[in-house]
Amino acid sequence: MEPLLVVAGGPSLRKQTDALRAWKGAVFCCNRFTLWRNPPVSPDYYAVSASAVLRDVEPNNPPYGKKRFVVSRIRDQLADWVDDDTWTTVYKKDFHDPPMPGGDLLVRNGPTMAGVMVQIGAWMGYTDIRVVGIEQRGAGHMYDPRAKLDVKYFIPNEEKLFSSWRVIKDTYEDAGIRLRDSTPNGRLNEILEYLPLESAL
């Protein structure tokens, strides 16, 4: 199976456009990726947060993806999408084990959407997953690198965030699923093996 690139939203993506454009595997994007004009990748998969869509913060019909996922930790928020066969609903739960290939699609809450996408990718059967655009160093986005726009940024609880990433890493590596980080100077470099995106092409 081809490798999967999970693309988050950090401003470092602006410095990796050539490598992103040259990527040959599958691509998974999320949230407000649609605001990036002339992006260097076209997603095969797309994920949004149900609560953000309901507040008109994220797109309710992103024009990308062979498969689209809507995610929430509140089951009632997923009700509007259950009968829509263009979406797959994903429930996330605190301290839940990350899903395994072919099992139930119930993901561990705690990481940002990139961590949710990694879990969905593993559930779909990908065994070589790279992540990019996850600085975890404050505000900023690939379409708004200096955070000048009036856009709210969700700043997660860091202890919960990094603890969840460690669980995800250990769970999947024990199962033979390889996770690597291609974010320059990203804080996940301390948890995941760092591999420059250019080296993975």
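Heads up: these notes are all about the structure in this document.

Basis of the calculations
- Residues numbered from 1 in each chain as written.
- Predicted model: local features only at pLDDT ≥ 70, side-chain atom pairs only at ≥ 80, totals over all residues.
- Heavy atoms only, no water.
- Helix = DSSP H or I, 4+ residues; strand = E, 2+ residues; numbered from the N terminus.
- Buried < 20%, exposed > 50% of the residue type's maximum accessible area, 1.4 Å probe, protein only.
- Contact = heavy atoms within 4.5 Å.
- Areas by Shrake-Rupley, 256 points an atom, 1.4 Å probe, with all protein chains shown as cover.
- Pairing = 2+ DSSP bridges.
- Right-handed = clockwise from strand over helix to strand, strands pointing away.
- Core = buried A, V, L, I, M, F, W, Y, C linked by side-chain atoms within 4.5 Å.
- Salt bridge = Lys/Arg side-chain N within 4 Å of Asp/Glu carboxyl O.
- Phe/Tyr/Trp six-rings, centres within 6.5 Å; stacked < 30°, edge-to-face > 60°.

Considerations on the overall build of the protein
Thinking step 1. Of regular secondary structure, the protein possesses four helices and nine strands.
Thinking step 2. Starting at the N terminus and ending at the C terminus, the protein contains elements arranged as β-α-β-β-α-β-β-β-α-β-α-β-β.
Thinking step 3. A buried classification covers 54% of the 201 residues belonging to the protein.
Thinking step 4. Taking contacts inside the protein between residues at least 6 apart in sequence as the whole, the part at least 24 apart equals 51%.
Thinking step 5. When the accessible surface of the protein is split by element, carbon and sulfur atoms take 44% of a total near 10000 Å².

Here we look at the pairing of strand E1 (residues 4-7)
Thinking step 1. Of the two faces of E1, the one holding Leu-4 and Val-6 and the one holding Leu-5 and Val-7 are both buried throughout.
Thinking step 2. Bridge analysis of E1 against strand E2 (residues 26-30) gives three bridges, and the strand direction is parallel. If you follow Leu-4 over to E2, its bridge partner there is Ala-26.
Thinking step 3. The β-α-β motif built from E1, the intervening helix H1 (residues 17-22) and the parallel element E2 has right-handed crossover chirality.
Thinking step 4. With four bridges joining them, E1 and strand E7 (residues 128-132) adopt parallel strand pairing. Following the sheet pairing, Leu-4 is matched in E7 by Ile-129.

A short note on the sheet that holds strand E8 (residues 178-181)
Thinking step 1. Ordered in space as E6-E5-E4-E3-E2-E1-E7-E8-E9, the nine strands form an open sheet in which the pairing is parallel. One side of each edge strand has no neighbouring strand; the edge strands of this open sheet are strand E6 (106-109) and strand E9 (193-194).
Thinking step 2. As paired elements, strand E3 (residues 45-49) and strand E4 (residues 67-72) share five bridges and run parallel to each other. Its bridge partner being in E4, Ser-49 is matched across the sheet by Val-71.

Concerning the nonpolar core
Thinking step 1. If you look at the biggest cluster of nonpolar residues, it comprises 34 residues, and the most contacted ones within it are Val-6, Phe-28, Val-118, Ile-129 and Trp-165.
Thinking step 2. Taken together, the elements giving at least two residues each to this core come down to E1, E2, E3, E4, helix H3 (113-124), E7 and helix H4 (158-174).
Thinking step 3. Looking at this core, the element that brings in the most residues is H3, giving seven residues.
Thinking step 4. The contact partners of Val-118, leaving out residues within four places of it in the chain, are Val-6, Ile-129, Val-131, Trp-165, Ile-168, Tyr-172 and Leu-179.
Thinking step 5. One finds Leu-13, Val-53, Leu-78 and Trp-81 within the second-largest nonpolar core, a separate group that totals 24 residues.

Things to note about the pattern of salt bridges
Thinking step 1. Evaluation of the coordinates by the stated rule reveals eight salt bridges.
Thinking step 2. The partner of Lys-160 in a salt bridge is Asp-94, and the shortest N-O contact between them spans 3.2 Å. Placement of the pair is Lys-160 in helix H4 and Asp-94 in strand E5 (residues 88-94), with a sequence separation of 66 residues.
Thinking step 3. A salt bridge links Arg-178 to Glu-193; the nearest nitrogen and oxygen atoms lie 3.1 Å apart. Of this pair, Arg-178 sits in strand E8 while Glu-193 is found in strand E9, placing the two residues 15 residues apart along the sequence.
Thinking step 4. For Arg-178, a relative accessible area of 40% gives the class partly exposed.
Thinking step 5. You can call Glu-193 partly exposed: its relative accessible area is 37%.

Section: the packing of aromatic side chains
Thinking step 1. Scanning the model with the defined rule gives four aromatic pairs in all.
Thinking step 2. Arranged with centres 5.6 Å apart and planes meeting at 55°, the rings of Phe-28 and Tyr-45 form a pair that is tilted. Highlighted residues: Phe-28 in strand E2 and Tyr-45 in strand E3, separated in sequence by 17 residues.
Thinking step 3. On the numbers, 5.7 Å between centres and 40° between planes, the contact of Phe-28 with Phe-69 is tilted. Placement of Phe-28 in strand E2 and of Phe-69 in strand E4 is noted, with a sequence separation of 41 residues between them. Grouping residues by exposure puts Phe-28 and Phe-69 together as buried.

A closer look at the environment of Arg-75
Thinking step 1. Within the fold, Arg-75 resides in the loop between E4 and E5.
Thinking step 2. Once the C-alpha coordinates of Arg-75 and Lys-92 are considered, the two residues, 17 residues apart in sequence, prove to be 8.9 Å apart.

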